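# Residue-level structure breakdown
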Amino acid sequence: MFFTERQQIEQDVETLAAIYGRERSSMITILQEIQRKHHYVSEYAMQVIAHVLDIHPVEVYSVVSFYHFLSERPQGQFVILLSDCIAHNSEEKAAVARQLETELGIQFGKTTQDGKFTLDRTGCIGMCDQGPVLRVNGRMYTEVTADKVGTLIADCVADSATGVVCDIREPSK
Amino acid sequence: MKSSVVSQLTFARIDLDAGLKSASAMTPEQIIDTIVQSGLRGRGGGAYPVGRKWSAAKEVHAQRKYIICNAAEGEPGSFKDRAILSGYAQLVFEGMTIAALAVGAERGIMYLRAEYAYMAGHLESVLAARRNAALLGKNICGLKGVHFDIRIQVGEGAYVCGQETALIEFLEGHRGEPRNRPPYPAVSGYRGFPTVVQNVETFAWVTCVLARGAAWFQSLGTPKSPGLKLFSVSGDCKRPGVYEFQLGLKVAELLRMVGGENVKGVQVGGASGLMIPKSQFGRRIAFEDLPYGGAVIIFGKERDMLEVAHNCLSFFTSESCGQCTPCREGTRKLLDGVERLQRGSCTSAYLDTLISLGESIRAASKCGLGQSSPQAFLSIAEHYRHELMGRRSSNG
C-alpha cells in the first residue's frame, strides 16, 4: 500500500503513542523515535504529536527547538559532529575540520545535496582525553587525524563503521 | 599518540553488592546516618551534603518517590562519569537502590546524556542482570514489600539539563529550563513527587561507603571535604585520563602525577571553572578552596588564553536556556567583547566594563549555569590581562 509522507507520520505517531502512552512525559521519546526514523521533526509531525497528546502544537515546537539533537529541518542520513572541546589540540582539530569540508564538499552547518551527510560542530562530548573526536549518528570516533577522515566517511557509506571507544584501560603505573 | 589512562580506582576493589547487602540489613535511618557520618557531598559539582538531601526526601510523606541518577555530564572537560558507567555501572545502580531503601522510593530513572547513548545497551544489560538476581524489581534483596526498578532515559542534547530541576523538566516533556527553588526536588521533584537527584559518581561512592563504612571514607581527604574523588584530566599533559585522588590535593601535585609540569594555566571545574595561573598552583582542590566538579583542563605554554575564553563563552551562549536575561544577553555581550579583543579593538575601559558585566552575570543569573558562565573569562582577564591587549587583527 502506498503511503504519503503525511500518512506515514500519522501512522508512526499513533504507533508510538500506543507504546509509550499519551502523556506529556511520553513526548520526548516519541520525538526521539520520529527524529531517528525521518531525520527531522517536520511541522506536520509536531501538529500530529500535539493532537495525539492533546496539547497545543507550540508546546511541541518549544521542545523541538530547545534540544540540539531534535531538528526542524531535514538532516542528512549521517550527521557528522566534530567536538569543539577546548582540551583538544586546536591545530589537530582544525586539520580534521578542513579535511571533512574537503571530502564532503560542504561547509560546517550544511547538508550534502544528496541528503546523505550533515556536517556540524558540537560542544564537548565527554571524550576530552581522546581528541580530536567525531560523533557520527551516535558512534564515537576518537583520536581522529586528517588522514583518517576519508576512510571514515567511506565506512559510513558502507555502513560498516565501528566507533572505537577505549574507556577502561589497565593502569599504566 | 598519547593514550588515556585510568588510575587505580577504589571502585575496582569493592565487592559487588556488599554495600547493598549491608544497607538491606539497616533501617532507613541507619542508612542515612551512615551517609551523614561519611561526610559525602554531591560529586557533580554542587557539593551538597548527600545525607541532608536524603533525609529531606525521607521526611516527606508521599504516594510515590523517585531516585534519579544524573548522567548528564555536560561540563566540557569532564568524562569521569563516562568511565564509571562503562566500567562500574553496577556500583551506580547499587547506589541508587541503596538510596531507594533509605528514602522509600520505588522508581528510579537514569538520565543519560545523548552523547553517551552508545552505552545504553550495556547499561540495560547490567540492569537486566540485576533484575534476574532479584536486586531490582519486586521484593528486592529478599525484603518483602520492598520494590524498586530503574529505567534509562536518553537525553536530546542540552547542557543545562545537568541542573537537577532542568533535568526534571526534560523528563516531564518540557524545555530544560531550571525551576525556581524552593521547593527543592527532594520535596517536590519529578511530577511533584519527592525526588533524590544525584550524580553518577555520587551513587558509586554511596555504594563504597556502605560497603566499607563511614569511618573509612571520613578518614580520607580533608575535614571539610572528606573522601575520594575522581578527576577527568585532559589537555596538555603526558598522561590524560581518569584519576582518583583524596580531596585537598594541591594543583601542583596533581600536575606532577599526570605529567603536566611547566604549563601556563589549569582550568579547574571545566568550562564553568576558574583558570588558575602558575602562581596559584599551591591551591587545593576541595570544597573549602577550588571547586571540585573534577574536570581539570591543562593549558601548555603555547596556548592562547583568549581562544580559551572564546571557546567557553561560545559554549555558554549556545547552551543558555534563554530564561533569564543576565545569562542570555550577558554571555553574548561577553563573547562579542572577546571577539573585539581578538581584533585588537578593545579599549582598557571597555575591558573593565566587560569584567563588571561578568560580575553582574555571576551575581544575577538564576541557575548555576548562568552564574558560572563568566568564570573562565573573568579569571583569564584577571591573570592573563597582559596577553589580551594590543592584538593585531587576524587578517591585518
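What counts, and at which threshold
Residues numbered from 1 in each chain as written. Chains lettered and ligands numbered in written order. Predicted model: local features only at pLDDT ≥ 70, side-chain atom pairs only at ≥ 80, totals over all residues. Heavy atoms only, no water. Helix = DSSP H or I, 4+ residues; strand = E, 2+ residues; numbered from the N terminus. Areas by Shrake-Rupley, 256 points an atom, 1.4 Å probe, with all protein chains shown as cover. Lys, Arg positive; Asp, Glu negative; His and termini not counted. Charge placed at Lys NZ, Arg CZ, Asp CG, Glu CD. pLDDT = per-residue confidence, 0-100. Contact = heavy atoms within 4.5 Å. Buried area = accessible area lost by both parts, 1.4 Å probe. Salt bridge = Lys/Arg side-chain N within 4 Å of Asp/Glu carboxyl O. Polar contact = N/O pair within 3.5 Å; in protein donor to acceptor, adjacent residues only side chain to side chain. Buried < 20%, exposed > 50% of the residue type's maximum accessible area, 1.4 Å probe, protein only. Pairing = 2+ DSSP bridges. Phe/Tyr/Trp six-rings, centres within 6.5 Å; stacked < 30°, edge-to-face > 60°. Domains from an automatic or database assignment.

## Some remarks on the overall build of chain A
- When you go through chain A residue by residue, the secondary structure sums to six helices and five strands.
- The order of helices and strands in chain A, counted from the N terminus, is α-α-α-α-β-α-β-β-β-β-α.
- For chain A, the C-alpha atoms occupy an extent of roughly 55 × 40 × 30 Å along the three principal directions.
- Roughly 8,600 Å² of accessible area belongs to chain A as shown, and the carbon and sulfur atoms make up 48% of that amount.
- Charged side chains of chain A number 16 positive and 24 negative; the gap between the two group centres comes to 2 Å.

## Section: the confidence of the model for chain B
- Residues at a pLDDT of 70 or more form 97% of chain B, whose mean pLDDT is 94.
- As scored by the predictor, the complex reaches a pTM of 0.94 and an ipTM of 0.91.

## Description of the interface of chain A and chain B
- With 43 residues of chain A at the interface, the matching set in chain B holds 57 residues.
- Between chain A and chain B the total buried area reaches about 4,000 Å² when both faces are included, carbon and sulfur atoms providing 54% of it.
- Taken together, the links from chain A to chain B amount to two salt bridges.
- Taking the shortest distance from any N to any O, the salt bridge between Arg 82 of chain B and Asp 129 of chain A comes out at 3.4 Å.
- Where chain A meets chain B, there are 20 residue pairs in polar contact (both at pLDDT 80 or more).
- Breaking the side of chain A that touches chain B down by element, the ones donating at least two residues are helix H2 (27-38) and helix H4 (57-66) of chain A.

## With respect to the side chain of Thr 29 of chain A
- Topologically, Thr 29 of chain A is positioned in helix H2.
- When its relative accessible area of 14% is taken as the criterion, Thr 29 of chain A is described as buried.
- Setting aside chain neighbours within four positions, we find Thr 29 of chain A in contact with Tyr 20 of chain A together with Gln 153 of chain B.

## Focus: the environment of Val 79 of chain A
Residue and element names in this part refer to chain A.
- Inspection of the secondary structure puts Val 79 in strand E1 (residues 78-83).
- You can call Val 79 buried: its relative accessible area is 18%.
- Along the sequence, Val 79 and Thr 118 sit 39 residues apart, while their C-alpha atoms lie 4.7 Å from each other.
- When neighbours within four sequence positions are excluded, Val 79 is seen to be in contact with Thr 118, Arg 135, Val 136 and Asn 137.

## As for the pattern of salt bridges
- By the definition in use, this model includes 24 salt bridges over all chains.
- Note that Arg 24 of chain A and Glu 59 of chain A form a salt bridge whose closest N and O atoms lie 2.7 Å from each other. Within this pair, whereas Arg 24 of chain A is found in the loop between helix H1 (5-20) and H2, its partner Glu 59 of chain A is found in helix H4, the two being separated by 35 residues in sequence.
- Judged by relative accessible area, Glu 59 of chain A falls into the partly exposed class, the value being 32%.
- For Arg 113 of chain B, the salt bridge identified is with Glu 115 of chain B, shortest N-O distance 3.0 Å. Summarising the burial analysis for this pair, Arg 113 of chain B and Glu 115 of chain B share the class buried.
- What you see here is one network of salt bridges that share partners, running through Lys 80, Asp 81, Glu 201 and Lys 229 of chain B.

## Examining the pairing of strand E4 (residues 149-154) of chain B
- Bridging between strand E3 (residues 107-112) of chain B and E4 of chain B involves six bridges; their strand directions are parallel. Residue pairing for E4 of chain B: Ile 109 of chain B is matched across the bridge by Arg 151 of chain B.

## Regarding the packing of aromatic side chains
- Under the defined criterion, the tally for this structure stands at 15 aromatic pairs over all chains.
- Note on Tyr 67 of chain A and Phe 170 of chain B: the rings are 5.3 Å apart at their centroids and 75° apart in plane angle, and the pair reads as edge-to-face. One end of the pair, Tyr 67 of chain A, is in the loop between H4 and E1; the other, Phe 170 of chain B, is in helix H6 (residues 164-171), on a second chain. The burial state of Tyr 67 of chain A is the same as that of Phe 170 of chain B; both residues are buried.
- Look at Phe 231 of chain B and Phe 245 of chain B: their rings are 5.7 Å apart centre to centre, the planes differ by 50°, and that puts the pair in the tilted class. Here Phe 245 of chain B lies in strand E7 (residues 241-246) and Phe 231 of chain B lies in strand E6 (residues 228-235), a separation of 14 residues in the sequence.
- One aromatic cluster in this structure is built from Phe 11, Tyr 88, Trp 205, Trp 216 and Phe 217 of chain B.

## Description of the domain arrangement of chain B
Residues and elements named next belong to chain B.
- Assigned domains of chain B: these are domain 1 (7-216), domain 2 (229-299) and domain 3 (305-394).
- Just the C-alpha atoms count here: the centres of domain 2 and domain 3 sit 22 Å apart.
- Between domain 2 and domain 3, the residue contacts involve twelve residues of the former and twelve residues of the latter.
- For the pair domain 2 and domain 3, the summed buried area comes to about 1,000 Å², and 66% of that belongs to carbon and sulfur atoms.
- Viewed at the interface, domain 3 and domain 2 are joined by one salt bridge.
- In this structure, the salt-bridge partner of Lys 264 is Glu 387, at a minimum N-O distance of 2.8 Å.
- Viewed at the interface, domain 3 and domain 2 are joined by three residue pairs in polar contact (both at pLDDT 80 or more).
- Listing elements by their share of the side of domain 2 that touches domain 3, those giving two or more residues are strand E9 (265-268) and strand E10 (274-277).

## Quick look at H6 of chain B
- The element H6 of chain B is extensively covered by neighbouring structure, given that eight of its eight residues are classed as buried.
- Within H6 of chain B, burial applies to Glu 164, Thr 165, Ala 166, Leu 167, Ile 168, Glu 169, Phe 170 and Leu 171 of chain B.
- Tucked into the core, H6 of chain B has its buried residues touching H2 of chain A together with helix H3 (50-59), strand E2 (66-71), E3, E4 and strand E5 (195-199) of chain B.
- A positive phi of about 90° marks Gly 173 of chain B, the residue just after H6 of chain B.

## Some details on the confidence of the model for chain A
- Across chain A, the average pLDDT comes to 89, with 91% of residues at 70 or higher.
- Every residue in residues 163-173 of chain A is under pLDDT 50, and counting partners more than four places away or in other chains gives 28 contacts.

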